[in-house]
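Per-entry structural report
Residues per chain, in single letters:
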Amino acid sequence: MQDKGGVSRRRVLGGALAGAAVGAGVSAGVSGTAAAAEPATATGSADAPGPAAAAGLSVDTHGDRPWTEILADSDLVWQKMPATWEEGPFLGNGFLGSGIYAEPGANAIRFNVQHSEVQDHRPEFGSIFGLARLPIGYFTLEPVGTVTAVDWRLDLWNSELSGTVTTTAGTLRLRAIVHNSRSVLAVEVTPSTGERDLVWTFHPADAISPRAAFKPLPDGYTGNPPAVVGDHGTERAAVQSLLSGGRHVTAWREVRRGQARTLYAAVAHSFPGTGATQAALRSVRETAPLPMSALTADHRAWWHAYYRKSFLSVPDARLQSFYWIQLYKVASAARRDAPVMATTGPWLEPTPWPASWWNLNVQLEYWLIHGSNHLELDGLTRSLSEFRENVKAQTAPAYRSDSLVIARSNDITLSHGLDSGPGGTGGGIPGQDPPTPEIGNLTWALHNVWLSYRHTMDESILRDVVFPLLRKSVNYYLHFLEPGSDGRLHLPKTFSPEYGVDTPDTNFDLALIRWGCTTLLESAQTLGVDDPLAPRWREVLRRLVPPPVDADGFMIGAGQPFAMSHRHYSHMLSVYPLYLVNWEQPENRDLIRTSVDHWISFTGALQGYSYTGAASFSAQMLDGDAAAGYLSDLLRLYVQPNTLYKESGPVIETPLSAAQSLHDMLCQSWGGVIRLFPAVPSTWKDVALHDFRTQGAFLLSASRQGGTTRWARLRSEAGAPCVLRTDIAGPLEVSDGAGRALPYTDLGGGTLRIELARGQEAWVHPRGTRPSTGLAPVPANAPAPRWGLPA
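Every residue gets a number counted from 1 within its own chain, in the order that chain's sequence is written. This being a predicted model, a pLDDT of at least 70 is required before a residue's local features are given, and a value of 80 or more before pairs of side-chain atoms are given or counted; all residues contribute to the totals for chains, interfaces and linings. Just so you know, side-chain values use all the structure's heavy atoms and leave hydrogens and water out.

Fitted lines through C-alpha atoms serve as axes, helices being fitted only where they are in contact, and the angles separating the N-to-C directions of these axes extend from 0 to 180 degrees. A run of DSSP states H or I qualifies as a helix once it reaches four residues; a run of E qualifies as a strand once it reaches two. Both are numbered from the N-terminal end. Helix α12 (residues 507–527) packs onto helix α10 (residues 441–456) with a crossing angle of 40 degrees between their chain directions and a minimal axis gap of 10 Å. The angle between α10 and α12 falls in the class oblique. Between α10 and α12 lies a crossing whose hand is left-handed. Taken together, the residues of α12 that come into contact with α10 (itself represented by Asn441, Thr443, Trp444, Leu446, His447, Trp450 and Tyr453) are Phe508, Leu512, Trp515, Thr519 and Thr526. Each residue gets one of three labels, nonpolar for Ala, Val, Leu, Ile, Met, Phe, Trp, Tyr, Cys and Pro, charged for Asp, Glu, Lys and Arg, and polar for the others, Gly among them. Tallied by class, the residues present in the contact of α10 with α12 amount to seven nonpolar, five polar and no charged. The cut-offs work like this: below 35 degrees is roughly parallel, past 145 is roughly antiparallel, 65 to 115 is roughly perpendicular, and the gaps in between are oblique. The handedness criterion is simple: a crossing whose near helix is rotated anticlockwise from the far helix by less than a right angle is left-handed, and one whose near helix is rotated clockwise is right-handed. Pairs of residues are marked as contacts when any of their non-hydrogen atoms sit within 4.5 Å.

Laid out in structure tokens, this is it:
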């Protein structure tokens, strides 16, 4: 399976939604940016259709070929045995996860077994000890001979690991999946004659918070008792009882069919009851009769449908492969009905962070699901809705009647435990410390939920989740805003993640207050709600103190300059991702550039997500070369061979947020305008997008070829106002898929307002041309090595 020379097999493919113009004298230049004195209204005529009318326009996907080609080019390969979790293959379905690598100090291969629902239930020890995600254990595949070589491939299209293990006694052919819906790890091993006596062994882990390896234990805290391993009919099971009640159980069975031996393993968790035993056994008993050929049929069907929901191709081969691996990773780690991703995802390894973290990690984990058109992975919106009462319990009792605040870390039910100081509050109180007054995390998380609303225009998200929770989250702030001698409203000391000091008028919180009040007013109007708090929200927007700034840009807060290396960009949240202060406001450009340059210049404490943030800031500043440079630095300095990432332990948000940075380079849709290719690097002459989801619930397809944007197609799912900004050379033709002209208004600067009804689509291209709309990966600028451990 090795590629010649150890580099990508990626073919130089033409076409990439190829958009070569047809017709003599058609300009290939970029349209000017000067707006007309008065917006010009241009409407096509159905009586005089352009060349598109002869046969309707549609994106030709050639079946599955674009996805099978680009994913085959992105597959990870191993020609060396991975020694650690950050080197090896990983499988998952949002619940069950498995990482595969060498068993330390042994002639064996480890298949970890972890599960996103498995946790402790002792709130008296807090979220990261008493409510921590708990390790489960691992299987070892123990060959007869000494392992001398491996040749593995992680097939992204089919979500399957396959390959061979060579030993001094023979060979093992293996296939492994974590089934999409059955939540069973299945590993089929076909040994040669000398390896027929291979052995599978399960090793239960100590059921103790992984943080115990990094921090002192709380007084009175002990690990749970050892698991009990035994036979249960044709299956074996490791039953891990918990001191708090409940248990988690790993059940397994090995089935022989001819020479093939298939291990089936499942995990179940129950609290406070003991039903996990029967649930795990039932999963294995229902699945073990199925050979891999049958088991993989519906598994593959789900993954194929998943990938087909969108397409993205850029000429940076390394970054493109990385991007598609992140789409595989996020679907392996997240589902709508799965818990909010922990910092490790479902692949729990030794870590000081065995919970979900809400002061950046959760937010960054879910950004990429919007543009990539994968709202089926949005467990964040569901969890905030389902577990809102547990969030309420984290709010100080004096404010619970009308307010909400969420703690920095939580378990799968958004519970925090009792480790956070007086009153049981986990979110802190402005002006008090302890506990740390980090109070903006819920408001920021609700920005993610608002993005899910904006990308679907599903008013039930706005009505049932965003509006009621944001109303209480903003109301918490309103309890503490007080007028100063300047007549402005000021905030007592709060904490800007993760700078380390409390300051009044913290920019992190001021930005969230502004966004929250603005969004509540807009939401009330959309929902037809006459809210009695609306006058207060308007007053706050009028009187709130401006963001504290100095000669170096945004400060942490009043009296606290940004003066040391800091990985987090919490003080610049108003710029990204909130866009309250943005590059399209000429008066703020110097402030934005100065702030970003000053922040990133302190290199000592920067981490991987600092670079993804810098890339997205650069994309907003329309600097694609800088954005690509930051992502290149990220891949070179921080990302591990299998594209995972670590800070003491696994931390999943950084690679996933890099995918969003790429989205920001290719399409931005904030503020009611869809900006196509706003920050494409100068070396990326060709780009292809298909069914990229934007705010307003539009699906965008577009082609850039030879440095020129050839065409764009927008399909409206909700009938929302459609404003598109492109650099497509004019004069333009705007028509539906049948070639009928659509009314539009030219707003200048390449910006069009298109009249587009729900279910209708608009094609935009130079007048007199017929776009070539075949979908394919774009040509690579240069070959790149595979991810994994290629020879």
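Here the narrative resumes.
What follows deals with the packing of aromatic side chains. Note on aromatic pairs: the rings of Phe, Tyr and Trp (six-membered ring only in Trp) are paired at centre separations within 6.5 Å, and the planes decide the class, stacked below 30 degrees, edge-to-face beyond 60, tilted for the rest. Taken as a whole and judged by the stated rule, the model has 40 aromatic pairs. Where Trp367 meets Tyr576, the ring centres are 5.6 Å apart and the plane angle is 80 degrees; that geometry is what we call edge-to-face. Highlighted residues: Trp367 in the loop between α6 (361–366) and α7 (368–371) and Tyr576 in the loop between β24 (553–554) and α14 (589–601), separated in sequence by 209 residues. Three exposure classes are used, based on accessible area relative to the maximum for each residue type with a 1.4 Å probe and protein chains only: buried under 20%, partly exposed in between, and exposed over 50%. We classify Trp367 as buried; its relative accessible area is 5%. Tyr576 gets classed as buried once you look at its relative accessible area, which sits at 3%. Aromatic side chains Tyr579 and Trp670 sit 4.4 Å apart centroid to centroid with 10 degrees between the ring planes, which places their arrangement in the stacked category. Of the two residues, Tyr579 sits in the loop between β24 and α14 while Trp670 sits in the loop between β27 (667–668) and β28 (674–676), which places them 91 residues apart along the sequence. Cation placement over rings: the criterion is NZ of Lys or CZ of Arg within 6 Å of the ring centroid and within 35° of the ring normal. A cation sits over an aromatic face here: Arg335 above Trp302, 3.9 Å from the ring centre. Here the guanidinium or amino end of Arg675 rests over the ring plane of Trp670, the centre of that ring lying 3.7 Å away.

At least two DSSP bridges between two strands are required for those strands to pair. The six strands lie next to each other as β16-β29-β30-β31-β36-β33, forming an open sheet whose pairing is antiparallel. Because the sheet does not close on itself, it has two edges, and the strands there are β16 (311–313) and β33 (732–735). Between one strand axis and the next, the sheet turns by 20 degrees as a mean value, whatever way the strands run. Of the strand pairs in this sheet, strand β31 (residues 708–716) and strand β36 (residues 761–766) are connected by four bridges, and their pairing is antiparallel. Paired with Leu714 across the bridge in β36 is Ala762. Helix α1 (residues 65–72) contacts β16 and β29 (687–694) of the sheet and is inclined by roughly 50 degrees relative to β16.

Where a protein is soluble and globular, its nonpolar side chains tend to be buried together. Ranked by size, the top nonpolar core spans 204 residues in total, and within it Tyr307, Leu384 and Leu666 carry the most contacts. Looking at this core, the element that brings in the most residues is helix α11 (residues 459–478), giving 11 residues. Once residues within four sequence positions are removed from consideration, Leu384 is found in contact with Trp358, Leu414, Leu442, Ala445, Leu446, Val449 and Leu469. With 18 residues, the next largest nonpolar core counts Val249, Ala251, Ala268 and Met292 among its residues. Side-chain atoms within 4.5 Å are what join buried Ala, Val, Leu, Ile, Met, Phe, Trp, Tyr and Cys residues into a set we call a nonpolar core.

Residue-level confidence of the predictor is summarised by pLDDT, bounded by 0 at the bottom and 100 at the top. A residue-level look at the chain finds 92% of positions with pLDDT of 70 or above and a mean pLDDT of 92. pLDDT under 50 marks residues 420–424. Its contacts with residues more than four places away, or in other chains, come to nine contacts.

This paragraph deals with the pairing of strand β10 (residues 184–191). Judged by how many residues are buried, β10 sits mostly within the fold: eight of eight residues are covered. Burial along β10 is two-sided: Val184, Ala186, Glu188 and Thr190 facing one way and Leu185, Val187, Val189 and Pro191 facing the other are all buried. Relative to β10, strand β9 (residues 170–178) runs antiparallel, the two sharing seven bridges. Considered in β10, the bridge of Leu174 is made with Val189.

Where helix α15 (residues 608–620) meets helix α17 (residues 653–666), the axes come as close as 9 Å, and the angle between the chain directions of the two elements is 10 degrees. It follows that α15 is roughly parallel to α17 by the angle criterion. Of α17, the residues touching α15 (which contributes Gly608, Tyr609, Thr612, Ala615, Ser616 and Ala619) are Glu653, Thr654, Ser657, Ala658, Ser661, Asp664 and Met665. The residue makeup of the contact of α15 with α17, split by class, is five nonpolar, six polar and two charged.

Turning our eyes to something else, we now look at the sheet that holds strand β11 (residues 199–204). Adjacent strands of a sheet pair through backbone hydrogen bonds, lying either parallel or antiparallel. What the five strands build is an open sheet, ordered β3-β4-β5-β6-β11; its pairing is antiparallel. With partners counted over all chains shown, the strands left at the sheet margins are β3 (90–92) and β11, one partner each. Between one strand and the next, the sheet's axes are offset by a mean angle of 20 degrees, whatever the strand orientation. Bridge count for strand β4 (residues 96–102) against strand β5 (residues 109–115) is five bridges, and the pairing is antiparallel. By the bridge assignment, Gly97 is partnered in β5 with Gln114.

Counted as salt bridges are all cases of a side-chain nitrogen of Lys or Arg within 4 Å of a carboxyl oxygen of Asp or Glu. With the rule as written, the count across this model stands at 29 salt bridges. Close ionic contact of Arg261 with Glu254 constitutes a salt bridge, the shortest N to O distance being 2.7 Å. For Arg261, a relative accessible area of 5% translates into the label buried. Under the relative-accessibility criterion, Glu254 is labelled partly exposed at 28%. The salt bridge partner of Arg536 is Glu539, with a shortest N-O separation of 3.0 Å. Separated by three residues within a single helix, Arg536 and Glu539 lie in helix α13 (residues 534–543), roughly one turn from each other. One continuous salt-bridge network, built from bridges that share partners, spans Glu160, Arg175 and Arg300.

The next subject is unusual backbone geometry. Note the cis peptide between Phe271 and Pro272, where omega equals 5 degrees. Mapped onto the elements of the fold, Pro272 is located in the loop between β15 (260–270) and α3 (276–287). Of note, the amide linkage connecting Pro434 to Pro435 takes the cis form, showing an omega dihedral of -10 degrees. Note that Pro435 resides in the loop between β18 (409–410) and α10. Phi is positive for Leu622, which is not a glycine, with a value near 65 degrees. Its location among the elements puts Leu622 in the loop between α15 and α16 (624–637). Residues other than glycine seldom take positive phi values, yet Ala697 does so here, at roughly 60 degrees. For Ala697, the position within the fold is in the loop between β29 and β30 (698–705).

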